[in-house]
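# Structure at a glance
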Amino acid sequence: MTVVTVNGIEQKIQVDPTTPLLWVLREQLQLTGTKFGCGIAQCGACTVQVNGVAMRSCVTPVSAVAGQNVTTIEGLAPGPDELHPLQQSWIDEQVPQCGYCQSGQLMSAAALLAQNSSPSDDDIDGAMSGNICRCGMYSRIRKAIKSAAGVQQFEPSAVDFLEGETNG
Amino acid sequence: MGKWTRRGFITAGIIAGGGLIVGVAIRPGNRATKLSKHVTGDGETLLHTWVKLDNSNVVTAIVPHSEMGQGVGTALAQMLAEELDADWSLVEFEEAPAISEFANYPMGKGMLFAGLDIPDFVVPTVDGVLIRTAQALDLQITGGSASVRATGAYGMRVAGAAVKEMLRIAAAEAWQVPVDQVIARDSQMIHEATGRSEPYSAFAAAAAEMSPPASPVLKTSDEFKIMGRDVQRHDLPPKVDGTAIFALDIRVPNMVYATVRRAPSFAGGVENIDDTVTRSMNGVVDIVKLPPADVSALLGSFSSAESVAVVAEGYWQAKQGMNALRIQWRATENDRVSSDSIFEQFDRDISAAIDFKSDASEGNVAASIADAAQVIEADYRVPYLAHTCMEPLNATAVVKEGFCEIWIGCQSPLSFRQAVADSLGFDVENVTLNNCFMGGGFGRKSRPDYAIQAAQLAAKIGRPVQLIWSREEDVRQDFYRPAVQSRFRAAIDQEGNLTAWENTYAGKMEPAAAPLVPYTVAAKKIGHVPSPTHVPLGAWRSVDHSQHGFFTESFIDEVATAAGQDPYEYRAARLKHLPRQLAVLKKAATEAQWGVPLAPGRGRGIALQECFGSIVAEVVEVTVNEGDLSVDRVVAVIDAGYAVSPDGMRAQIESGIIYGLSAALYGEITIEDGAVAQSNFHDYPSVRMSKAPAIETYIINSGEAMGGAGEPGTPPIAPALANAVFNATGQRIRELPLQNSALNV
Ligand code: FES
Ligand code: FES
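Here's a quick rundown of the structure. Residue numbers run consecutively from 1 along every chain, following the written order of its sequence. Each chain gets a letter, beginning with A, and each ligand a number, beginning with 1, in the order they are written. Given that the model is predicted, a residue must reach a pLDDT of at least 70 before its local features are reported, and side-chain atom pairs must reach 80 or more before they are shown or counted; all residues, however, enter totals for whole chains, interfaces and linings. Calculated side-chain values reflect all of the structure's heavy atoms, with hydrogen atoms and water omitted.

## Description of the overall build of chain B
- Numbering of helices and strands runs from the N terminus; a helix is a DSSP stretch of H or I covering at least four residues, while a strand is a stretch of E covering at least two. On a plain count of helices and strands, chain B comes out with 19 helices and 31 strands.
- Classification of residues uses two cut-offs on accessible area relative to the type maximum, computed with a 1.4 Å probe and protein chains only: under 20% is buried, over 50% is exposed, and between them is partly exposed. A total of 745 residues make up chain B; the buried ones form 62% of that total.
- Across chain B, the fraction of contacts at a sequence separation of at least 24, relative to all contacts at a separation of at least 6, is 75%.
- Counting every atom, chain B has about 26500 Å² of accessible surface; 49% of that belongs to carbon and sulfur. Note on contacts: a residue pair is in contact if any heavy atoms of the two residues lie within 4.5 Å. Exposure was quantified through the Shrake-Rupley algorithm and a 1.4 Å probe, taking into account, for residues, occlusion by the shown protein chains and nothing else.

## Some points on unusual backbone geometry
- A cis amide bond links E510 of chain B to the next residue, P511 of chain B, at an omega of -5°.
- With respect to the element layout, P511 of chain B can be found in the loop between β24 (498-506) and β25 (523-529).
- Cis peptide bonds are those with omega within 30 degrees of zero, and the linkage from L736 of chain B to P737 of chain B qualifies with 0°.
- Here P737 of chain B is to be found in the segment after α19 (717-729).
- Look at N51 of chain A: it is not a glycine, yet its phi comes out positive at around 50°.
- Looking at the element boundaries, N51 of chain A is found in the loop between β3 (47-50) and β4 (53-56).

## Regarding the sheet that holds strand β18 (residues 374-382) of chain B
Residue and element names in this part refer to chain B.
- For two strands to count as paired, DSSP must find a minimum of two bridges between them. With respect to topology, five strands assemble into an open sheet ordered β17-β25-β24-β23-β18, the strand pairing being mixed. Only two strands of the sheet have a single partner each, and these edge strands are β17 (357-362) and β18. Strand after strand, the sheet turns through a mean of 10° between neighbouring axes, direction not considered.
- Bridging between β24 and β25 involves seven bridges; their strand directions are parallel. Bridge pairing links A500 to A523 in β25.
- Here, axes are lines fitted to C-alpha atoms. For helices the fit covers the stretch in contact, and angles between N-to-C directions go from 0 to 180 degrees. Contacts between helix α15 (residues 545-562) and the sheet are confined to β18, β23 (484-492) and β24, with β18 contributing the most and set at about 155° to the helix.

## Some thoughts on the packing of helix α3 (residues 102-115) of chain A against helix α4 (residues 121-128) of chain A
Residues and elements named next belong to chain A.
- It is at 9 Å that the axes of α3 and α4 come closest, and there the two elements cross at 130°. Between α3 and α4, the angle falls in the class oblique. Along this stretch, α3 crosses α4, giving a crossing that reads as right-handed. Facing Q105, S108, A109 and L112 of α3, the residues of α4 in contact are D123, I124, A127 and M128.
- Gly is placed with the polar residues, together with every amino acid not listed as nonpolar (Ala, Val, Leu, Ile, Met, Phe, Trp, Tyr, Cys and Pro) or charged (Asp, Glu, Lys and Arg). Residues belonging to the contact of α3 with α4 are distributed by class as follows: five nonpolar, two polar and one charged. Note on angle classes: values under 35 degrees are labelled roughly parallel, values over 145 roughly antiparallel, values of 65 to 115 roughly perpendicular, and the remainder oblique. Here is the rule for handedness: rotate from the far helix to the near one, and if that takes an anticlockwise turn smaller than a right angle the crossing is left-handed, while a clockwise turn gives right-handed.

## Some words on the packing of aromatic side chains
- Note on ring pairs: Phe, Tyr and Trp rings are taken, using the six-membered ring of Trp, and paired if centres are within 6.5 Å. Classes follow the plane angle, with under 30 degrees stacked, over 60 edge-to-face and the rest tilted. Taken as a whole and assessed by the stated rule, the structure comprises 20 aromatic pairs over all chains.
- With 5.5 Å between their ring centres and 45° between their planes, F36 of chain A and Y315 of chain B make a pair best called tilted. Here the residue F36 of chain A occupies a position in the loop between α1 (21-28) and β3, and Y315 of chain B occupies one in helix α9 (residues 315-324), the pair thus bridging two chains. Take F36 of chain A and Y315 of chain B: they sit in the same class, and that class is buried.
- Here the aromatic rings of F224 of chain B and Y642 of chain B are separated by 5.2 Å at their centres, their planes lie at 70°, and the arrangement is edge-to-face. Pair noted here: F224 of chain B is in the loop between α6 (204-207) and α7 (237-240) and Y642 of chain B is in the loop between β28 (628-639) and α18 (646-665), with a separation of 418 residues, a long-range link. Comparing F224 of chain B with Y642 of chain B, the two get one shared label, buried.
- Ring pairing ties together the aromatic residues Y380, F488, W501, F550, F551 and F555 of chain B, which thus form one cluster.
- A ring has a charge above it when a Lys NZ or an Arg CZ is no more than 6 Å from the ring centre and no more than 35 degrees off the ring normal. In this structure, R447 of chain B packs its charged tip against the face of F479 of chain B, placed 4.7 Å from the ring centre.

## Overview of the interface of chain A and chain B
- Contacts between chain A and chain B engage 51 residues on the former and 57 residues on the latter.
- Using a 1.4 Å probe, buried area is obtained as the accessible area two parts lose upon being combined, added over both of them. Approximately 4500 Å² of surface area, both sides summed, lies buried where chain A meets chain B, with 57% of it carried by carbon and sulfur atoms.
- Counting the surface chain A buries against chain B, the share from its top three residues, Q97, R134 and Y138 of chain A, is 19%.
- Salt bridge, as applied in this entry: a Lys or Arg side-chain nitrogen positioned within 4 Å of an Asp or Glu carboxyl oxygen. Its salt-bridge partner being D249 of chain B, residue K35 of chain A comes within 2.5 Å of it at the nearest N-O pair.
- Two N or O atoms count as a polar contact when they lie within 3.5 Å, although within protein this holds only if one can serve as hydrogen donor and the other as acceptor, and sequence-adjacent residues are included solely when both atoms are side-chain atoms. Summed over the shared surface of chain A and chain B, the result is 24 residue pairs in polar contact (both at pLDDT 80 or more).
- In terms of residue count, the dominant contributor to the side of chain A that touches chain B is helix α5 (residues 138-154) of chain A (five residues).

## Let's talk about the nonpolar core
- For our purposes a nonpolar core is just a set of buried Ala, Val, Leu, Ile, Met, Phe, Trp, Tyr and Cys residues, chained together by side-chain atoms within 4.5 Å. Counting 153 residues, the largest nonpolar core has W90 and I145 of chain A together with L721 of chain B as the members making the most contacts within it.
- With ten residues, α18 of chain B is the single largest residue contributor to this core.
- Residue contributions to this core reach at least three from each of two domains, namely domain 2 (247-331 + 393-468) and domain 3 (353-385 + 480-740) of chain B.
- Discounting chain neighbours no more than four positions away, the residues touching I145 of chain A are L86, W90, A109, L112, L113, P119, I124 and M128 of chain A. Throughout the structure description, domain borders are defined by an automatic or database domain assignment.

This is the structure:
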């Protein structure tokens, strides 16, 4: 049995410990917001945060996150009727097309902003190039990250939340 | 023509001027049980296929298209709301269920008659023919960029206007006032003289008893209040919090998971399977051989080979089980085929020109070539391409007591439903298909092979099955954009004028116009020769335009260079007869500061292509620094007649550009020993954030017939890029992808 904290809730999981976290989230925990795209750490659709760091859940055995804090797209917003600043800017900039890659994009972007509240273009390239969007919404993603970062600069509470959330 | 009955049901209604309305007006308890189950709420009235009005005055557009990501629903709902004079906050949309009553007749009409002004007296005939054609094809497909231009223009707007007329008449009767004094505004009927005002929904029941007007009057563009405005897409909130349900997210009690594999060289089934290891693995439920399947779609018929499935309690277990299988595939003659042998065959077939079929012929090409000051010749090639939709193919099926229910993301729900029924030997009425949000389609999800596999597995196993293809299977068992070779010869006179254009290529799908050039030329001869291979082909975003745009727009650049002229000026001088094309080209050149010199190592390229009723020009700016290529900027201009959702159109153009850029830089499926050599994103890469150029999109509303937006952004990007590379380096790119050139991409 593996014990993992997912979106703040402790979960006891009965699977072969080599099973990738992605399938545990989707099949055991019914958290289907995290997507399967390639299975080999190439596309980023399966990105979650482990202790605030973006990870590809398709190649992370569930045993490797035992005792750790996992955050998925379902746990990104601060509360049931609230949005994370990035989710809001994703809507404001009309980022998603098909939307399939966007959970992964948001989890990578949130990990970036938690580390770096005003990322440069190079920072964005570095943090986001592991996430493929076959619908090609890269300019919108870039713009949405920058505008969410702007929000954070003017709203210290949002920064506090992000640090609190992602550090545990 | 259908008729209204006392029960308010209409089988088919045709409205002169282009609209065709089916399944109009139905209320709970209606005899047409198949439709009535879609009128769920008490007090809801389904006014007709496209419109549902509930008693809280919310209008729902029922959209007969699949949401692949284009925001189709929003643009169509805008068109309906505009003509209906509805309050936008009271407008919603849902996708039409996969039953024949919702077949997309207007789309068939748009594809067949796009841009034609059909005289009123012929309309009933055209509609009559189309009803039958569409019924025969069970046409409910998303593709050909047809959503807005066909369904919207021919269906939604007419429907909205018709419904408004009916509601106005109903209001006039209820209030006993002349109908021309009743005003429709923001989902309210208003009679100013008496100060009366009631919501549309108050008149829905009375309107449902009425015949639709013969020819509702549509607004002109200066009257638009909702069309042409940026509105927020309805489908985005669930796409940012993980709650949007794609087919992969369906969960059915007692469900098992499966994954499949087919013969790598496409034909030839299983010779032998050693499944000893797999059967002993934890969680493995069964190993199943699935028969070959007919997976014909609109673009050519095809039968896919036998496959092997591993069914397990979880996907991971199924995948591990598959990896442990020892499958021996039957050898076939395909096994000797390679990309090299395929291109040698194309080359031979083009040279031999046996069975040459003409696409266009004008003037005397041989004479122009004989008289030429200069003859320019070149051969171009593009490879096979896979679609790699972000969401790998998957479907969930339940088969029980002669019924099948399936959840899937697909571009052609009605034909998928038929294919599933056929494969199970069921009546189509006993198959329910639920189309979910689709994680990309791009043409791949119009072939029903994955639906058939899921249904057959569920029937065999006796439990609900979610079939998930691995990415490797997705790359290796696609219906590919064809590999094509295209041979050109052009003649110019002393002044550089284009006097002959000759083009022969191997392989053709559609649309027929894809290889035609818009430029004035005295003589031309364009055509193709057959050169079939065993590789399965399918529609790939923009279909034949994706390759021919690259060929013709690169070669015209070569001609301009040979004539010693600027490639933009050279094109513009030959477009005087096509003012829309000229305006688009000019706007692109202006916005991109064409003619303003660039630093050494930098270059600009331009390209123009009309497809699916829209005209798009793109200018690409590149930097080549010690052999490293970077794509810095793309300026795109589109004239799609009229942009219903301008921001939605810009998003689609951005998307089409990145999709085409991925193909131009990296996209290549090669054949070795009859099979696809690539397998996943590491060897079939996509453009990523760090390589994505800045894109500026400009829209021209010419007011001409509406064109599509999902596909036309793709064709110009490869030639504009290749022309920019030439401008920067003097190196002409005649083969894609650029990854195979001397440049580092
Ligand atoms: S599914 Fe994990 S990176 Fe693609
Ligand atoms: S929005 Fe479709 S893949 Fe990114």
